[in-house]
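Here's the letter readout for the chains.
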Amino acid sequence: MRKANLALIGLVMLSAAACKKGGASKEDFQLVPKEAQVLFRVNVEKLRAAPAWKDIIELRDGNEKSKKEYAEFVAKCGLDPFAQINSVFLAVPQVQDMGMKEFAVIMRGTFDETKLLACSTEAAKKHGGEVKTTEHNGAKIYSDGKKDEAFATFLDAKTVAIGGKEWIKKVIDLAKAD
């Protein structure tokens, strides 16, 4: 029950942070396809200053096993999502229009593409899969190679995009247009 309450508090805090002054940045809007009709942004940097952030961290580190696994993930993948991701911007079209196959998530923070790719490749192999790499407009696009439902690209060292098969290409094109 306590975990459910903390998760609910976290969701409320995320929603509140998304609604605070500033909303989505102009740069985020410029990276999503014009068909986007539902937009949601979380300013994680501001959320870290909220009193409930401590509760979220306590939930993450709730027991020694999960705390150890998280620390191992951070060391192996070079990413501490709670410390390195500064904002998350989600854009989706009308659900009935595209059957939720298309979406775009723009994450801003600090990312080590080499380490994250190695970590993803190892995890995929562990589960009998592989990371498939394709290119579009000079950018590498990574997918799981099996379901091909979500695609990721590093727009630069501080911006990662995840999206559906067609929208990830649109995000890349919009980023290159700047």
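One can find the structure itself at the top, above this paragraph.
Residues numbered from 1 in each chain as written. Predicted model: local features only at pLDDT ≥ 70, side-chain atom pairs only at ≥ 80, totals over all residues. Heavy atoms only, no water.

Per the counting criterion, the structure on display carries one disulfide. The side chain of Cys77 participates in a disulfide bridge whose partner is Cys119; the two sulfur atoms lie 1.7 Å from each other. On the criterion of sequence distance, the pair formed by Cys77 in helix H5 (residues 64-77) and Cys119 in helix H8 (residues 113-126) is long-range, its members being 42 residues apart. (Disulfide = S-S within 2.5 Å. Helix = DSSP H or I, 4+ residues; strand = E, 2+ residues; numbered from the N terminus.)

With that settled, consider the nonpolar core. One finds Val32, Ala91, Ile106 and Val171 to be the most contacted residues of the largest nonpolar core, which totals 15 residues. Where this core is concerned, the elements lending two or more residues are strand S2 (85-92), strand S3 (104-109), strand S5 (139-143) and helix H9 (165-177). Setting aside anything within four residues of it in sequence, one finds Ala91 in contact with Val32, Ala36, Val38, Leu39, Phe103, Ala104 and Trp167. (Core = buried A, V, L, I, M, F, W, Y, C linked by side-chain atoms within 4.5 Å. Buried < 20%, exposed > 50% of the residue type's maximum accessible area, 1.4 Å probe, protein only. Contact = heavy atoms within 4.5 Å.)

Here S5 runs beside strand S6 (residues 151-156); their pairing, made up of two bridges, is antiparallel. When the sheet's bridge partners are listed, Ser143 is paired in S6 with Phe151. With five bridges joining them, S6 and strand S7 (residues 159-163) adopt antiparallel strand pairing. In the sheet register, Phe151 faces S7, and the bridge partner there is Gly163. (Pairing = 2+ DSSP bridges.)

Time to look at H5. The α-helix winds at 3.6 residues per turn, so residues separated by three or four positions along the chain end up facing the same way. Its 14 residues place the ends of H5 20 Å apart at the C-alpha level, agreeing with the 20 Å of an ideal helix rising 1.5 Å per residue. Sitting at the head of H5, Asn63 places a side-chain oxygen 3.0 Å from the backbone nitrogen of Lys65. (Expected span 1.5 Å × (residues − 1). Polar contact = N/O pair within 3.5 Å; in protein donor to acceptor, adjacent residues only side chain to side chain.)

Shape descriptors only; they carry no functional weight alone.
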